[in-house]
Each structure stands twice: as C-alpha cells, then as structure tokens.
Amino acid sequence: KYDAVEQTITFNANGGAPTPANIVKPTGTDIDISAVQKPIKAGYSFDGWYNGATKIDGTIKMPAGGMNLKAEYIALNQTIRYEFIQFFSAFWDRR
C-alpha cells in the first residue's frame with residue numbers, strides 16, 4: 001500500500017492583495033480553486049488563477065509536484081478629466 005505524498009499549490013497575487021495561503025494536500029485530493037480568495041488590484045478586475053498560460057478554475061485534483069498559480073487581471077476603463085486652471089491668465093494680467 002502506498003500513501004499519497006503531500007503537495008503544495010502556491011499563489012502569486014501579481015501586485016494584488018491579499019495573497020492566499022498555500023494549499024497543502026495529498027496528491028489526488030480534490031481542490032476547489034474557485035473557493036480561493038480573489039486578490040484585489042486597483043484599476044483592474046481579477047481574471048483568474050493561471051498556471052503558465054492555462055487558466056485554472058473549479059475543482060481540480062492536487063497534481064503530483066504541486067502547482068504555482070499566478071493571478072491575472074484585466075485593466076478597467078479609466079476616465080481622465082482635465083481642468084483648465086487660469087494660472088497663466090492671472091500671471092499675464094499682472095504684467
């Protein structure tokens with residue numbers, strides 16, 4: 001009889017916060033990645049946890065060798081508003 005060896009899934013919040021704690025479970029254990037806390041990054045929407053270019057979501061089996069997951073984000077639309085300040089007008093009026 002063989003016992004499954006514990007593996008680790010690590011998380012990189014990639015500039016967001018908080019960074020979830022590592023998950024340490026035996027190989028083959030069901031892990032619900034969608035239940036992992038999602039980090040927040042100002043100006044971005046969380047897109048998901050990625051292992052390289054592969055998005056990891058839902059329930060997975062703990063892989064042999066563990067896994068490193070990195071948060072990826074989508075930039076939100078930003079509004080830039082300019083306000084004209086009459087500094088130069090007041091400066092020229094004094095001359």
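Relevant structure appears above.
Below or above, wherever it landed, is the structure these notes cover. (Residues numbered from 1 in each chain as written. Predicted model: local features only at pLDDT ≥ 70, side-chain atom pairs only at ≥ 80, totals over all residues. Heavy atoms only, no water.)

1. Structural notes on the pattern of salt bridges
Our working rule: For this analysis, a salt bridge means a side-chain nitrogen from Lys or Arg found within 4 Å of a carboxyl oxygen belonging to Asp or Glu. Elements are defined by DSSP. Helices are runs of H or I of four residues or more, strands are runs of E of two residues or more, and each kind is numbered from the N terminus. The buried label goes to any residue with under 20% of its type's maximum accessible area, the exposed label to any with over 50%, and the partly exposed label to all in between, with areas taken from a 1.4 Å probe on protein chains only.
The final tally for this structure, using the stated rule, is two salt bridges. As a salt-bridge pair, Asp30 and Lys61 come within 2.8 Å of each other at their nearest N and O atoms. Within this pair, whereas Asp30 is found in strand β3 (residues 30–32), its partner Lys61 is found in strand β6 (residues 59–61), the two being separated by 31 residues in sequence. Note that Asp47 and Lys55 form a salt bridge whose closest N and O atoms lie 3.9 Å from each other. What makes Asp47 partly exposed here is its relative accessible area of 24%.

2. Focus: the sheet that holds strand β4 (residues 44–51)
Keep this limit in mind: The pairing criterion is simple: DSSP has to find at least two bridges between the two strands. Axis definition: a line fitted to C-alpha atoms, limited for helices to the stretch in contact. Angles are taken between N-to-C directions and run from 0 to 180 degrees.
On the basis of which strands lie adjacent, the open sheet formed by five strands has the order β2-β1-β7-β4-β5 and mixed pairing. At either margin of the open sheet sits one strand with a lone partner, and together these are β2 (23–26) and β5 (54–56). Strand after strand, the sheet turns through a mean of 40° between neighbouring axes, direction not considered. As paired strands, strand β1 (residues 6–12) and β2 are joined by four bridges and run antiparallel to one another. Across the sheet, the residue bridging to Ile9 is Ile23, located in β2.

3. Section: the pairing of β4
Sheet topology note: the β4/strand β7 (residues 67–75) ladder contains six bridges and is antiparallel. Residue pairing for β7: Ser45 is matched across the bridge by Ile74. The pairing of β4 with β5 spans three bridges and is classified as antiparallel. Counted as the bridge partner of Asn51 is Thr54 from β5. Taking the residues that link successive antiparallel strands as the turn, the β4-β5 hairpin has two residues, and the phi of Gly52 there is positive, at about 70°.

Interpretation in functional terms is not warranted from these geometric data alone.
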